[in-house]
Amino acid sequence: MAIIRYDHYCGEDKYSDGSVEDYLLDLVKNQVDITGLAQEDKTYPVVYHLSHLRENIINWYPIGKNQTVLEIGAGCGAITRALCRRAKHVVSVELSKKRAQINFHRNIDVDNLTIYVGNQNDIDFDEKFDYVILNGVFEYAISFTEGPDPYRAFLEKARSFLKEDGKLLIAIENRLGLKYFTGSAEDHTGNYFVGLNQYPGNNTVRTFSKSEWIQLLDSCGLKYKFYYPYPDYKFPVEIFTDKTLVRQGYGKGYFNLEKNRYGWLQEQDLAKTLVKEGVMSSFANSFLLEISAKENFAAIDYCKISCDRKKNTRVVTVIAHDADNTWVEKQAANEDTILHIKQLYKNSIVPLTDYVRNLPGRYEDDKVIFPFVCAATFSDKLLFLLGNNEIDKVKEEVRDFFNQYFSALQEVEFTQGPEFCEVFGSEVNILPEKGVLRGNIDLIFENLYCVKTGFQIIDPEWVFPFAIPKTFVIWRAVCDFYEKNPQVENQLGKNALLTYLDVDPVQERAFSSWNRHFVYQWLKGSSLESFAKPISAVSMDQMVSLLRTKTMLSCGLYYDCGEGYSEGRKLVAEVPLLEGSFKVVFDLSKIENLKALRFDPIEGYAVRCSICSDQSELTAMNAWCQDDGFDIFMTDDPMYQISIPEATNSRVTITGKLFLLTDREKFVRYQEALYQKESTLQKTQDMLSQTKQALDQCQSEKAEFSLELEQTRAECYKKQAQLECILQTKGWKIYEAIRKIFWTIKSFF
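All values reported here derive from a predicted model rather than from experimental measurement. (Residues numbered from 1 in each chain as written. Predicted model: local features only at pLDDT ≥ 70, side-chain atom pairs only at ≥ 80, totals over all residues. Heavy atoms only, no water.)

Draft legend 1. Here's a closer look at the overall build of the protein. Scanning the protein for helices and strands turns up 20 helices and 32 strands. Against the globule reference of 27 Å for 749 residues, the protein gives a C-alpha radius of gyration of 42 Å, more extended than a compact globule. C-alpha atoms of the protein, sized along the principal axes, occupy 165 × 80 × 75 Å. Within the protein, residue pairs in contact and separated by at least 24 positions form 70% of the contacts whose partners lie at least 6 positions apart. In the protein, which carries 87 positive and 105 negative side-chain charges, the distance between the mean positions of the two groups comes to 3 Å. (Helix = DSSP H or I, 4+ residues; strand = E, 2+ residues; numbered from the N terminus. Rg over C-alpha atoms; globule rule 2.2 N^0.38 Å. Contact = heavy atoms within 4.5 Å. Lys, Arg positive; Asp, Glu negative; His and termini not counted. Charge placed at Lys NZ, Arg CZ, Asp CG, Glu CD.)

Draft legend 2. Looking closely at the sheet that holds strand β18 (residues 434-436). Read across the sheet, three strands follow the order β17-β18-β21 without closing on themselves; strand pairing throughout is antiparallel. Unpaired on one side and paired on the other, β17 (411-413) and β21 (468-469) mark the two borders of the sheet. Sheet topology note: the β17/β18 ladder contains three bridges and is antiparallel. Residue pairing in the sheet places Glu411 in a bridge with Val436 of β18. (Pairing = 2+ DSSP bridges.)

Draft legend 3. Summary view of the packing of helix α12 (residues 378-387) against helix α13 (residues 391-407). Interhelical geometry of α12 versus α13 gives an angle of 155 degrees and a closest axis separation of 8 Å. Classified by the interaxial angle, the pair formed by α12 and α13 is roughly antiparallel. As for how α12 packs across α13, the hand of that crossing is right-handed. In this structure, α12 contributes Phe378, Lys381, Leu382, Leu385 and Leu386 to the contact, and α13 contributes Ile391, Lys393, Val394, Glu397, Val398 and Phe401. (Axes fitted to C-alpha atoms, helices over the stretch in contact; angles between N-to-C directions. Parallel < 35°, antiparallel > 145°, perpendicular 65-115°, else oblique. Left-handed = near helix turned anticlockwise from the far one by under 90°.)

Draft legend 4. Structural context of empty space enclosed by the protein. On inspection of all chains with the given rule, the structure shows three cavities of 30 Å³ or more. By volume, the largest cavity amounts to about 100 Å³. Surrounding the largest cavity, Asn347, Val350, Leu352, Asn358, Tyr405, Leu409, Arg438, Asn440, Ile457, Pro460 and Val463 form its lining. When grouped by side-chain class, the residues that make up the lining of the largest cavity number seven nonpolar, three polar and one charged. (1 Å grid on protein atoms, 1.4 Å probe; cavity = no way out; pocket = protein on both sides within 12 Å on 5 of 7 lines; lining within 4 Å. Points joined across faces, edges and corners; volume = space filled by probe spheres on them. Nonpolar A, V, L, I, M, F, W, Y, C, P; charged D, E, K, R; others polar.)

Draft legend 5. Structural detail: the pattern of salt bridges. Using the criterion set out here, one finds 43 salt bridges in the structure. Across the pair Arg81 and Asp109 runs a salt bridge whose closest N-O atoms are separated by 2.6 Å. Here Arg81, found in helix α3 (residues 80-86), pairs with Asp109, found in the loop between α4 (97-106) and β4 (113-117); they are 28 residues apart in sequence, far enough to count as distant. Given the relative accessible area of 27%, Arg81 is considered partly exposed. What makes Asp109 exposed here is its relative accessible area of 51%. For Asp187, the salt bridge goes to Lys179, with nearest N and O atoms at 3.3 Å. The exposure class assigned to Asp187 is partly exposed, which follows from its relative accessible area of 28%. Three or more residues joined by partner-sharing salt bridges are found here, namely Glu173, Lys179, Asp187, Asp232, Lys234 and Glu258. (Salt bridge = Lys/Arg side-chain N within 4 Å of Asp/Glu carboxyl O. Buried < 20%, exposed > 50% of the residue type's maximum accessible area, 1.4 Å probe, protein only.)

Draft legend 6. Main features of the sheet that holds strand β29 (residues 625-627). Ordered by their spatial adjacency, five strands build an open sheet running β25-β32-β27-β30-β29, and the pairing between neighbours is antiparallel. The open sheet has two free edges, formed respectively by β25 (581-587) and β29, since each of these has just one partner strand. Sheet twist, expressed as the average angle between the axes of neighbouring strands with direction ignored, equals 35 degrees. Strand direction decides the pairing type here: β25 and strand β32 (residues 651-660), joined by seven bridges, are antiparallel. Counted as the bridge partner of Asp587 is Arg651 from β32.

Draft legend 7. Expanded view of the environment of Trp732. Structurally, Trp732 can be placed in helix α20 (residues 730-748). When residues no more than four places from it in sequence are discounted, the contact partners of Trp732 are Ile726 and Leu727.

Draft legend 8. Inspection of the nonpolar core at higher detail. Ranked by internal contacts, the top residues of the largest apolar core, which has 57 residues, are Phe138, Ile170 and Trp213. Filtering out sequence-adjacent residues up to four positions away, Phe138 remains in contact with Tyr151, Phe154, Leu155, Ile170, Ile172, Phe208, Trp213 and Leu216. (Core = buried A, V, L, I, M, F, W, Y, C linked by side-chain atoms within 4.5 Å.)

Draft legend 9. Examining the environment of Tyr233 more closely. Along the chain, the position of Tyr233 falls in the loop between β7 (223-230) and β8 (238-241). Separated by 98 residues in sequence, Tyr233 and Asn135 place their C-alpha atoms 8.5 Å apart. Setting aside its immediate chain neighbours within four residues, Tyr233 contacts Tyr48, Arg54, Ile57, Asn135, Gly136, Glu139, Ala171, Ile172, Glu173 and Ser286.

Draft legend 10. Expanded view of the layout of surface pockets. Of the voids in this model, the second largest pocket is the one considered here, and its volume is about 1100 Å³. Elements that contribute at least two residues to the lining of the second largest pocket include exactly α1 (20-29), α3 and α4. The element contributing the most residues to the lining of the second largest pocket is α3, with three residues.

Draft legend 11. How the structure looks around the environment of Ile4. Secondary-structure assignment places Ile4 in strand β1 (residues 3-5). Looking at Ile4, the relative accessible area reads 19%, which means it is buried. Distance from Ile4 to Asp663, taken between C-alpha atoms, is 51 Å for residues 659 residues apart in sequence. Setting aside anything within four residues of it in sequence, one finds Ile4 in contact with Ala100, Gln101, Phe104, Ile115 and Val117.

Draft legend 12. Structural context of the pairing of strand β11 (residues 300-306). The element β11 is largely enclosed, with a buried count of six among its seven residues. Direction of pairing for β8 relative to β11: antiparallel, over a ladder of three bridges. Considered in β11, the bridge of Phe240 is made with Tyr302. When β11 meets strand β12 (residues 315-321), the two strands line up antiparallel, connected through six bridges. Paired with Lys304 across the two strands is Thr317, which belongs to β12.

Draft legend 13. A look at the packing of aromatic side chains. All told, the structure shown has 62 aromatic pairs when counted by the stated rule. With a centroid separation of 6.4 Å and an interplanar angle of 55 degrees, the aromatic rings of Phe402 and Phe445 are classed as tilted. In this pair, Phe402 sits in helix α13 while Phe445 sits in the loop between β18 and β19 (448-451), placing the two residues 43 residues apart along the sequence. Across this residue pair, the class does not change: Phe402 and Phe445 are buried. Arranged with centres 6.1 Å apart and planes meeting at 80 degrees, the rings of Phe420 and Phe466 form a pair that is edge-to-face. You can see Phe420 sitting in helix α14 (residues 418-424) and its partner Phe466 sitting in the loop between β20 (454-457) and β21, a full 46 residues away along the chain. An identical accessibility class is assigned to Phe420 and Phe466; each is buried. Against the face of Phe531 rests Lys42, its NZ or CZ located 5.5 Å from the ring centre. (Phe/Tyr/Trp six-rings, centres within 6.5 Å; stacked < 30°, edge-to-face > 60°. Lys NZ or Arg CZ within 6 Å of the ring centre and 35° of its normal.)

Draft legend 14. Representation of unusual backbone geometry. The peptide bond linking Tyr230 to Pro231 adopts the cis configuration, its omega dihedral lying at 5 degrees. The residue Pro231 is located in the loop between β7 and β8 in this model. The phi torsion at Gln31 lies on the positive side, around 55 degrees, for a residue other than glycine. Turning to its location among the elements, Gln31 is positioned in the loop between α1 and α2 (44-50).

In structure tokens, the structure reads:
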């Protein structure tokens, strides 16, 4: 079990990332796999502190099993476990108690780890160490080391913990890193170009260029070797040296994890230029420095770290040398990958044919060691032939290779059994296929070396015991070749080559599905892709244009001669813009049959504008609103209708003020408009509610009136019936007879 000691803790954490550290502590205590977090929880602090890919900076370096390590500034334990796997004993020192606790709970099961909480300057260790590790720490020396030259003092202090032949390993950003030129903020301050400008006004952190490191180390009498982690030391996938910067292809694409990254320039394209010019080492994004009193450096030239995979397939590839030989090592990045490495070794010693052979390796110490092949790859050969326009030769070479390779394997009828579906998915291939047992699906042309006897296959990592369709193996190799060399399509179409190799186009869907399943289920088990952030493209032309709008105004006057407005009927003027004020004059003397005029004060920006003319009236055509004498245009194409001057052979003079609307101003106005609309909507809803209430009251009164009317009508019917009964009685009839007699007698008098 790991040990944590608080003997030298001052009682206060001098620095912190805030509440996120409580969250990180909770994650490690509960052993949460961060790749399974919800997208909103995949923040940069989480991946930076807890991703196993942070180990890539050290999991290839040959620390001996009997050696001891002092890790200064261990933080949350980004590389601590990797050090413990390799070394006899690891002592980690961390100023922050919270971060030390995260490290402890993260590695609580490790028996060879002791964590000290406190300042390493205050701790007296009982031993000297074989290695002292500073991973992202040296740049802060000015914050915790006193003296006129804190960086030199800290370097000497760290050196004092070493044995006589011990080594100091320092991972740090390059002050002149290429990414800072192409749109990345300085890592520690979050400001752009501050490191390039020598950290003006900053007294808490600084990084160094390569020449500055050389000057510092030379002044201390130390020997050193530079490694160049790519894309940086935090999440490297490749480690270069001066020997391999050109040969191994520095500058491939990578996932951006920075929140506010802009694309001033294309980093990868610029890197290729700097490599070609031989100056890339001065502009590498990060350094890993191997420092010693003696020149006894690791004999490593290059390293590729394939740990962005499932846990049991994480492999480290190292190119190393001695005085006589160069070799390649395939190492297990962790205990879970050892079986995978053993299988790689077994695959490498399988005999094929005299023409096509696997490059045999030897197995020792959980790694496979291969001789380094100094020969052109099959990809190089094909590109050479294409350069000579030998199209038919290319097709024949590819066909002959696969025929030779498949002749060495057992051919069977292909069926999609459970084993196949587990690796490649269940998408059905609609065509009957011949398959081969123990087929290598990774026969990409870069893995094939052209030697005198034919071909040597390197890195037979992906060989399966079940049947694989021959056409699928061919399809993967051809697709990889065209993906890496897209220019080939113009000479020899990919589909044409596949058809020549008897790969039917209808198989594309199944093969693509199989390949995606294989890549994302087996090779992308812990991908940084889910943590990636977009790079905001920035056009320098647009930035220059924006800056020019603060001092110059480019405006246009469109004229209509009966056929409408168009770009062909436009007068353009560029005039000074002084504190927002401008004056522009347009000559109309050469325009005939003038029907209408339109003035566009600016294009591409929302503005606040107030203009006038002595000769014409101007009316805003598409203003959002008016405010304090200004027309507010929320569109990026503001327009004014201009009345035609009485004398057409005259000039139109327009004066006014114009100010660009900031994003904040636009947001506020949109918010105000939204509030007004919401207020109007609320008033309308209130009026509708009141009207509905009145209508409901009317409906209620109508119902009451209708009821009264029905009751009155019923009463009338009743009275009518009673009257009818009365009229039929004898009394009424006698009354009627008497009334008639009475009126008759009365008429005589």
